[in-house]
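A look at the structure
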Amino acid sequence: MGMAGVMLGLPAATAMMATAVAPLYVSSTLRDAVVPAAVQQLGAIATYARWTGAPHTLRVCITGQTPLSNAMTSQTLPDGRVLMPQRVSSAQTIAANCEIAVIGTLPSAERAQIIRAAGGVGLLTITDADPACEYGAMFCWRSTATGVTFDLNIAAVTRSRVRVDPRVLALGRRSNGASM
Amino acid sequence: MRESVRSRGNNLYSAVARSFAVVAILGVLVTLLIGLVAALFLQRGYADENLRLAARQAAYSVEVPIVFNDRSGIAEALQPLVDGRSVASIRVEDAQGQTITTIHPSKDEQGLALALPHWLLPNPVKNPVVSAGATIGAVEVTGGGASAKQQLVISLLGAILGMALIGFGTVAVARRLDRSLVKPLQGIAAVTDRVRDERRLDLRVPQTGLLEVRTLAGDINNLLDQLQDWQGQMDATHEALLHRANFDPLSGLPNRTTFLDRVRETIRVAQRTGDSFALLFMDGDKFKDANDRYGHVVGDRIIAEIGARISPLLRVGDVAARLGGDEFAILVNHLESDEDAQSVMRRIRDAMSIPMRIDDQREATISLSVGVAIFPHDGSDVENLLRIADQRMYEEKTATRH
């Protein structure tokens, strides 16, 4: 996993890498067919994630361009907590107002801003626009031949104050992972 | 002789060896059986507990993969559990009871192809899979018989080892018994058999083996000592009685009864062989006078002296006897001619012509009158022969006197 950029965390370096290596826009890794599965998977991840203060309502803030923005509806988790999706346009307010950030295709600067804000706070970040899972989101969706799976950015998970059940991490860590 | 002790069906050796082996084998079997049953039940208890733990572990492990609907995640989470010894398979079902997947050991390790009885195997354990308070499925863990089989194999090996040890022990004990008890008893029996069959009271049994056997042998030997003593005394008494019955104590010559028996015997032989023999009848002259003059003690001494003088004159086969009082008789066997008898008579007269020492001062000459009868010329039975010899002696005596 290319975590070097995230770890350096310097705006100048990121900007340089973004301009020199990464394309400005990365389109979604999710085919339309697997979007419902991805939504379901987000619920499963949330089920095994714990936030400080144990909020009953988990605000899911969707930012950037992603097929999920239309598919996400509010859903109740088995333990009774509620996922409440909402569209946000301002990256600055995400860390303060959301428990979960779904990061779609964004300009790299904005993306980096969200990632930086997520460090050390209770914000679970998941993206469908980082196939190598190197830009700093905790979870990265990836389409497979039969469905959808996710990769982990261990450094990001470690930095985050959201606690994720290790069994979820064990599922995500597998390189040739499962399908859905 | 009796047949040997060892060859009989039911002897001490085999009885002791057999009872030892039976007791030892029974002991080991009972011990092993109790041990085996206890171990199997204990093992069964451990297996049940193991299986419950495995089921809880499995339920915990498959919870997240089920929520994520990740079938290969389920397999990956459960495979390590199934590959352990105690779990044969794990079935995973969803909330509706539909089987999602069943996990088997990756390598099929059967071990012994041994069908274990049902009660030895732990019961399958079902454990619900709960996620965030909701039951989302269940796992059912089936136990394997690997450890029970191992237990059985160990017990069987123990039994075989125990039996082998008992075998060696039995042989050792039997050999020891043979050496210390059976062989010494056989030795005693062999000697007592010979004592009985050959009347050998001089034999003694060997004193070997266990203290009790040695004591027994010692007692038997003491008994044999006593028996031998008694036998010796009896033989001596018997011999003395026999001598007393057949011999005249004064002259040391056979008595009348013995003499007549010998004459009858000689007649029988002579009748068969056509042989001829002489019967001499002798009487001391003036013996009665000497007896009266010198006393009975001297008379007895004279009788003994006559016996002592006659005996050396006899040839092999001849018999001299004191018939009673001063009467003597001689059987002169195998006559070649009548002259033989005359020769014996002559020698007797010569022998008697030497004076006898009566006491320190006096001597006396006792002459014998002799009459002879010849078989078969003078008679063919002892009474006639004696009568004729007596008669002729009397004739000679009266002839001498006149």
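Residues numbered from 1 in each chain as written. Chains lettered and ligands numbered in written order. Predicted model: local features only at pLDDT ≥ 70, side-chain atom pairs only at ≥ 80, totals over all residues. Heavy atoms only, no water.

Under the counting rule described, the total for this entry stands at 27 salt bridges over all chains. Note that A:Arg142 is salt-bridged to A:Asp151, the shortest N-O span being 2.9 Å. In this structure, A:Asp165 and A:Arg167 form a salt bridge, with 3.0 Å as the shortest nitrogen-oxygen distance. By relative accessible area, which is 13% here, A:Arg167 ends up buried. Taken together, the shared-partner salt bridges in this structure form one network comprising B:Arg91, B:Glu93, B:Lys126 and B:Glu140. (Salt bridge = Lys/Arg side-chain N within 4 Å of Asp/Glu carboxyl O. Buried < 20%, exposed > 50% of the residue type's maximum accessible area, 1.4 Å probe, protein only.)

Below, the discussion takes up the interface of chain A and chain B. Between chain A and chain B, the residue contacts involve 15 residues of the former and 13 residues of the latter. In total, chain A and chain B occlude about 1,300 Å² of area from one another, counting both sides; carbon and sulfur atoms represent 64% of this. In this assembly, chain A and chain B are joined by one salt bridge. B:Glu63 is the salt-bridge partner of A:Arg167, the closest N and O atoms lying 2.8 Å from each other. The tally of links between chain A and chain B comes to four residue pairs in polar contact (both at pLDDT 80 or more). When contributions to the side of chain A that touches chain B are tallied by element, the ones reaching two or more residues are helix H3 (35–47) and helix H8 (166–173) of chain A. (Contact = heavy atoms within 4.5 Å. Buried area = accessible area lost by both parts, 1.4 Å probe. Polar contact = N/O pair within 3.5 Å; in protein donor to acceptor, adjacent residues only side chain to side chain. Helix = DSSP H or I, 4+ residues; strand = E, 2+ residues; numbered from the N terminus.)

Further remarks concern the state of the cysteines. All names here are of chain A. Following the criterion strictly, the structure yields two disulfides over all chains and no others. For Cys61, the disulfide goes to Cys98, at an S-S distance of 1.6 Å. Torsion about the S-S bond of the Cys61 and Cys98 cystine: about -90°, corresponding to left-handed handedness. With Cys61 in strand E2 (residues 57–63) and Cys98 in the loop between helix H5 (94–97) and strand E5 (100–103), this residue pair connects regions lying 37 residues apart in the sequence. When its relative accessible area of 0% is taken as the criterion, Cys61 is described as buried. On the basis of relative accessible area, Cys98 is assigned to the buried category, the value being 3%. A sulfur-sulfur distance of 2.0 Å marks the disulfide that ties Cys133 to Cys140. (Disulfide = S-S within 2.5 Å.)

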